[in-house]
Structures are given as C-alpha cells and as structure tokens.
Amino acid sequence: MLVSAEDMLTKAKAGKYAVGQFNINNLEWTKAILLTAQELNSPVILGVSEGAGKYMCGYKTVVGMVTAMLEELNITVPVALHLDHGSYEGAKACIEAGFSSIMFDGSHYPIEENVEKTKELVAICKEKGLSIEAEVGSIGGEEDGVIGAGECADPDECKMIADLGITMLAAGIGNIHGKYPDNWAGLSFETLDAIQQKTGTMPLVLHGGTGIPADMIKKAISLGVSKINVNTECQLSFQEATRKYIEAGKDLEGKGFDPRKLLAPGTEAIKQTVKEKMELFGSVGKA
Ligand code: 13P
C-alpha cells in the first residue's frame, strides 16, 4: 500500500538523514527502485513529473503499475508515490488518480498567488491524508521544458509557505536540475541555515540531487534537508550501461535483442545508483 511521505520525513528530520526521491519513467525504473529500497530496508519516494506521467499513459496507469508492483514484489518498506513539480491542475489530477503525495510548484507565481493555491491544495491533501510539498525560489536548470534560474529562496517567504500546513518544503539554495556546470557556485548553506531557523522542524527538500558532491549532501542534511530528489543520475547510469551493451555488440549475439536482456544492464545500473544514494543519504535500515 502506498503511504503519505509525512511519517518517513518526520522520522528522517528527527534522525538527521534524508529519504531519496527517485523519479520513474517506466516499469524497469520502478522495479529497480522498489527492489533496491526493499533490499536495503529503506523508505523511498517515487517521483513522477507531469511529463513522465504523460509518457507512462497517465496518472491512473502509474498508480495501477506501482500499487500492483508493491503487491507482486512483496514490497513492505514505506513507499510514497509523489507528483514532482506539479501544476495546480496536475496536483488535482494526481490526488484524483490515487497518488499518496503531491508537490505543488507555485514558485513561478508571485508569492501571494503561491500562498493562495498552496493553501487550497493543503486543505484537500489534509482531508485525504496525503503529503504535500510546496516550493519557494525556483530551482535552476531545465525539467520538462521548464527552465528555472536557480534562485536562493527568501527565508521569510519560506516561513509563510511552511506555516500553511504543508508536509515538506522545497527551497532554492543555488541547486539546479540536471548536470552542474563547471563554474557552479555550490549550495548556499547560509540560505539553508536561515530557512531552517525560520521553519524549525519542517522537513526541507533538496532538488537537483544529481552531481552534488557527498560532503555538500551531508552538510545539507545536517542543516535540515530530509528529502533529496534524484532524477538525471539514474538516467545517466541507465544510458551508460545500455550504450556499453550495444557497443559490445551484445544485442547481436543470440537473443541479445530480447528487451528483457537489452534493458537488463541499464536496470541493474539504476539499482546501483539508487543504492549509492540511499547509503549516502543515510536511509538504509530506516524503513
Ligand atoms: P536531478 O535530475 O538533477 O537529479 O534533479 C531531480 C529533481 O530535483 C526532481 O525534482
């Protein structure tokens, strides 16, 4: 059964570790992440962007696939199915479809509008027992065609949104989606510290987990980050392993063209990446 992310994140914040959100794209992705979480006895959040939801034939298809997989694979660790960077309409559609957690990303609206829309969705999520993530200060980089500038959030605005009764807060601290450029200035721990001081026990979310050095991840966790989103890194691991398989001509040997064989190295590579992240984030054994 899918669960809200509230309990796992409250425990993570108190225990000074973080739960990984790994974005899914298809059956292989989902299976790799769930099996790794179970093997490591770690809670996990499956992230679905609106684009990935569309790609997987809609939110209902995603809910059907994930809930059936939990049962068929005997997954007993806590799993939340979470909409990543949802629009107001997308959030409502996911609530309707059976997601256990949503993110409403109103960071591109003026703060008053972000507050209003977040407030409405908080009321719906509270009634249904779902967790809800809100965002202040847009995350840089490109995701699903949306380009964010990578701002540092205003701690007072963070407090304003946190006080609406959300479950977790994503705040821009110089992080960006995708690979970090060579001249990246790094995370702003000063901003993160100020945000945590204003928001207290609220679990904070670090987006753009791909390519953030281990020491920065650890420091972010020590300053209140309890959920870390990883997407691109699994895509890169999958791509690299698949490329190797084809470049080695394995798809041309025997039944190497069978998708179950062709996609196996990439799926194993996703498992390895998820494992490394769970170990780094400290969520192993915390289910
Ligand atoms: P990356 O693709 O940089 O890992 O970011 C993932 C993310 O933040 C999803 O919201």
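Residues numbered from 1 in each chain as written. Predicted model: local features only at pLDDT ≥ 70, side-chain atom pairs only at ≥ 80, totals over all residues. Heavy atoms only, no water.

Asks: Can you break down the side chain of histidine 177 residue by residue, with the values?
Replies: Residue position: histidine 177 is located in the loop between strand 8 (168-171) and helix 8 (189-199). Residue histidine 177 is classed as buried on the basis of its relative accessible area of 12%. (Helix = DSSP H or I, 4+ residues; strand = E, 2+ residues; numbered from the N terminus. Buried < 20%, exposed > 50% of the residue type's maximum accessible area, 1.4 Å probe, protein only.)

Asks: Could you give me a rundown of the packing of aromatic side chains, with the residues and numbers involved?
Replies: By the definition in use, this model includes five aromatic pairs. With centroids separated by 5.6 Å and ring planes inclined at 85°, the aromatic side chains of tyrosine 59 and phenylalanine 99 adopt a geometry described as edge-to-face. Linking tyrosine 59 in helix 4 (residues 59-72) with phenylalanine 99 in the loop between helix 5 (88-97) and strand 4 (101-104), this pair joins segments that are 40 residues apart in sequence. By relative accessible area, which is 15% here, tyrosine 59 ends up buried. Phenylalanine 99 gets classed as buried once you look at its relative accessible area, which sits at 2%. Clustering of aromatic rings is evident, with ring pairs tying together Tyr88, Phe104 and Tyr109. The cationic tip of lysine 117 hangs over the ring face of tyrosine 109; the distance from NZ or CZ to the ring centre is 4.6 Å. (Phe/Tyr/Trp six-rings, centres within 6.5 Å; stacked < 30°, edge-to-face > 60°. Lys NZ or Arg CZ within 6 Å of the ring centre and 35° of its normal.)

Asks: Talk me through helix 2 (residues 27-39); I want residue IDs and the actual numbers.
Replies: The end-to-end C-alpha separation of helix 2 is 18 Å, in line with the 18 Å expected for 13 residues at 1.5 Å each. Inspection of helix 2 places Trp29, Thr30, Ala32, Ile33, Leu34, Thr36 and Ala37 among the buried residues, and these make up the whole buried set. (Expected span 1.5 Å × (residues − 1).)

These results come straight from atomic positions and should not be treated as a statement about function.
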